[in-house]
Amino acid sequence: FMLGDLPVRISYKDTVRVDAVLNAIEGNSWMSMERGTYLFHRIATGTVVWTRGDWIKAVLSKLDSLPEDFWSTWIDSCNHRIDHFLGDIGASSIKEDELYFRLSLSGFLKAVAECLFAVNQVFEPGPRDYSAAIGLLENLPDGFKANWGSLLREDGELPMDRKREIASLLARSVFALQP
């Protein structure tokens with residue numbers, strides 16, 4: 001809603017669900033409950049206007065002290081999805097299936113973005129903020145901006161097969177970025 005000229009968004013998060021996801025981090029089962037780190041981003045970057053107790057402070061403290069395997073497990077998951085979508089991009093390119101290609105490329109780009117946020121140990125923002133947030137990351141692969149931009153281009157000069165090659169280069173550079 002709008003408060004004068006100021007857009008306001010209230011994001012309700014069920015504390016029981018948040019606690020369950022945070023408790024599941026120890027066993028890495030959180031990924032079956034939450035597909036990504038967006039929930040954590042909303043909590044970590046949101047503005048608390050009013051609180052009834054210390055719950056939010058405790059949650060923020062947990063988010064500030066996540067175990068190292070939290071990030072490595074999430075990166076591994078992202079890598080598997082990048083690889084899967086890269087295969088789909090190749091198959092759709094060979095079949096010359098535009099819809100399959102676009103859906104595969106979309107999944108690939110999302111998985112790459114999520115991986116880059118994870119490598120930089122940053123919770124992912126909402127997709128509408130990916131472009132701005134990726135530009136602020138410290139650790140990006142060489143040639144990232146050009147490859148990313150090429151994959152986002154919507155002109156006939158880059159056919160599906162060429163985009164597949166660029167996606168493959170981007171995937172390799174993202175994989176090489178990781179410890």
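Description of the structure in this document. These figures come from a predicted structure and were not determined experimentally.

1. Things to note about the overall build of the chain
Counting its regular elements, the chain contains 9 helices and 2 strands. Starting at the N terminus and ending at the C terminus, the chain contains elements arranged as β-β-α-α-α-α-α-α-α-α-α. Based on the C-alpha atoms only, the size of the chain along its principal axes is roughly 55 × 45 × 30 Å. Relative to its full complement of 179 residues, the chain shows a buried share of 42%. Long-range pairs, those at least 24 residues apart, make up 60% of the contacts in the chain with a sequence separation of at least 6. Each charge class in the chain can be summarised by its mean position, and for the 19 positive and 25 negative side chains these summaries are 4 Å apart.

2. Examining the pattern of salt bridges
For the coordinates displayed, the defined rule picks out 11 salt bridges. Between Arg17 and Glu34 there is a salt bridge, and its shortest N-O distance comes to 2.2 Å. Highlighted residues: Arg17 in helix α1 (residues 15-24) and Glu34 in the loop between α2 (30-33) and α3 (38-45), separated in sequence by 17 residues. Exposure remark for Glu34: the relative accessible area of 13% places this residue in the buried category. A salt bridge links Arg164 to Glu165, with the nearest nitrogen and oxygen atoms 4.0 Å apart. Since its relative accessible area comes to 32%, Glu165 is described here as partly exposed.

About the cut-offs
- Residues numbered from 1 in each chain as written.
- Predicted model: local features only at pLDDT ≥ 70, side-chain atom pairs only at ≥ 80, totals over all residues.
- Heavy atoms only, no water.
- Helix = DSSP H or I, 4+ residues; strand = E, 2+ residues; numbered from the N terminus.
- Buried < 20%, exposed > 50% of the residue type's maximum accessible area, 1.4 Å probe, protein only.
- Contact = heavy atoms within 4.5 Å.
- Lys, Arg positive; Asp, Glu negative; His and termini not counted.
- Charge placed at Lys NZ, Arg CZ, Asp CG, Glu CD.
- Salt bridge = Lys/Arg side-chain N within 4 Å of Asp/Glu carboxyl O.

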